[in-house]
Amino acid sequence: MAQITRIAITPGDGIGPEVVAEAVRCLETLRAKHNLALEWTRFPWPSHAWHDEYGESWPADALTQLKAYDAILLGALGDPGPMDDTNRYLLPDSISLAPLLDMRKGFDQWVCERPARLLPGARQYLKDDRAKDIDMLVIRENSEGEYVSQGGRLRQGKPDEVATQMEVFTRRATERIIRYGFEQARQRAGERVQEGRTRAFRTLDGRSCESQVCLVTKRNALRYWGDMYTEVFEEVSHDFPDVATHHELVDAACMKFVQCPWAFDVVVASNLQGDILTDLAAVLSGGMGVAPSCNLNPTDPHMPSMFEPTHGSAPDIAGQGIADPTAMLFTTARMLDWLGRKDPKLTQAGKELFDAVAADLAEQGNQQRATSQIGDAICKRMLA
Ligand code: IPM
Ligand code: MN
């Protein structure tokens, strides 16, 4: 039997535990069916409940404990809901969400990968039917940029207060995220060819390529990192003559995501710009209920990667058992695929889960069902 793969499960707050419960049922189903060497441990932290009891979102050695796992599967963090419980234990977002950022930083999860593909059955927000061809992968730089959390407040609360928030961009992190983008573009093109699907993207010199990387910056205003990104993009592109290159300013990228999202393949963006673009991309591919997200460290196998849906804790519907677990399950499928690096049987299990979730979506569309009903249907499908 393969070496055991261990997952840390951190359900978090709000609908987090509700959607994670369905992910665990799917993992149990797959483990039993394929005799997978898979184990998991459920952690009551990070969470509001833990903070309520101990005065902190998680124990001081949380990162050390989590480091012993191969991956982290996270539900959601933030307002635990339900909204009508006016006595619920609330915290500022900057406190309840801090563990998410600490994990990204602490485990150097330098890639945030957010695929946006409009699958059959998902809600189509755009009227134009070409929206059915939306199939992009937004790669967000996840280790630095606008999220370095350096700065401060001077003369706090005074009329002459000054707040500074630094942005830091290094050539090293720029190079690795751009290279990763090109590698993904090439890999996606290969997968498409295998599935008998092709796409065509034009290069500036008029050639046609199977794949494309679009770099997003705001280099007309934020020129220092914008220029460095542009130069590195140009340099790295020489190693990928089979991949077409493109650039958009972030404001124009927002416009084109709505106008012609089917024209994008791989998109590489900075931490904050990628954050904003991926909420938009999520809606283009059916909404937050179906959007997966992965925080990856592709370079250090001793660091766990973290998998969380793009959505939050949804306090408005928490506790009602009606949250859609689809995004969580797509995320779980990607986690299994990722863990396939260690145990190839897990890649197969991930594919099976993805196919079952996609088939359920195609059949049931976005009709309102209970969280557990969706989980039931997907488990049943995997056992059929
Ligand atoms: C996300 C979220 C987080 C982010 C917040 C909760 C800090 O919006 O994962 O997209 O900005 O990265
Ligand atoms: Mn976000």
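Structure shown above.
Residues numbered from 1 in each chain as written. Chains lettered and ligands numbered in written order. Predicted model: local features only at pLDDT ≥ 70, side-chain atom pairs only at ≥ 80, totals over all residues. Heavy atoms only, no water.

Chemist: Explain the pairing of strand S5 (residues 135–141) here, please?
Modeler: Looking along a regular strand, one sees side chains alternate from face to face of the sheet. Within S5, seven of the seven residues are buried, leaving the element largely enclosed by the surrounding structure. Of the two faces of S5, the one carrying Asp135, Leu137, Ile139 and Glu141 and the one carrying Met136, Val138 and Arg140 are both buried. Pairing of strand S4 (residues 111–117) with S5 involves seven bridges; the strand directions are antiparallel. Bridged to Arg117 within S5 is Asp135. One ladder, built from four bridges, connects S5 with strand S12 (residues 266–269); its direction is parallel. Paired with Leu137 across the bridge in S12 is Val266. (Buried < 20%, exposed > 50% of the residue type's maximum accessible area, 1.4 Å probe, protein only. Helix = DSSP H or I, 4+ residues; strand = E, 2+ residues; numbered from the N terminus. Pairing = 2+ DSSP bridges.)

Chemist: I tried to follow helix H11 (residues 344–364) on my own but got confused; where do I start?
Modeler: Spacing of three or four residues puts side chains on the same side of an α-helix, whose turn is 3.6 residues. An ideal rise of 1.5 Å per residue puts 30 Å on 21 residues; H11 measures up with 31 Å between its terminal C-alpha atoms. Restricting attention to buried positions, one finds in H11 the residues Leu346, Ala349, Gly350, Glu352, Leu353, Ala356, Val357, Ala358, Asp360 and Leu361. Those residues of H11 that are buried are in contact with strand S1 (5–12), helix H1 (16–34), strand S2 (38–42), helix H10 (326–339) and helix H12 (371–383). Where H11 ends, the next residue or the one after it, Gly365, has phi of about 55 degrees, a positive value. (Expected span 1.5 Å × (residues − 1). Contact = heavy atoms within 4.5 Å.)

Chemist: Hey, could you run me through the site of ligand 1 in this one?
Modeler: The environment of ligand 1 is formed by Leu97, Arg104, Arg114, Arg140, Tyr147, Asp275 and Glu308. A distance of 2.7 Å is found between an oxygen atom of ligand 1 and a side-chain nitrogen or oxygen belonging to Arg140. In isolation ligand 1 exposes 320 Å². Once the protein is present, 75% of that is buried. A per-class count over the shell around ligand 1 returns two nonpolar, no polar and five charged. (Near = heavy atom within 4 Å. Polar contact = N/O pair within 3.5 Å; in protein donor to acceptor, adjacent residues only side chain to side chain. Areas by Shrake-Rupley, 256 points an atom, 1.4 Å probe, with all protein chains shown as cover. Nonpolar A, V, L, I, M, F, W, Y, C, P; charged D, E, K, R; others polar.)

Spatial relationships are all this shows, so hold off on functional conclusions.
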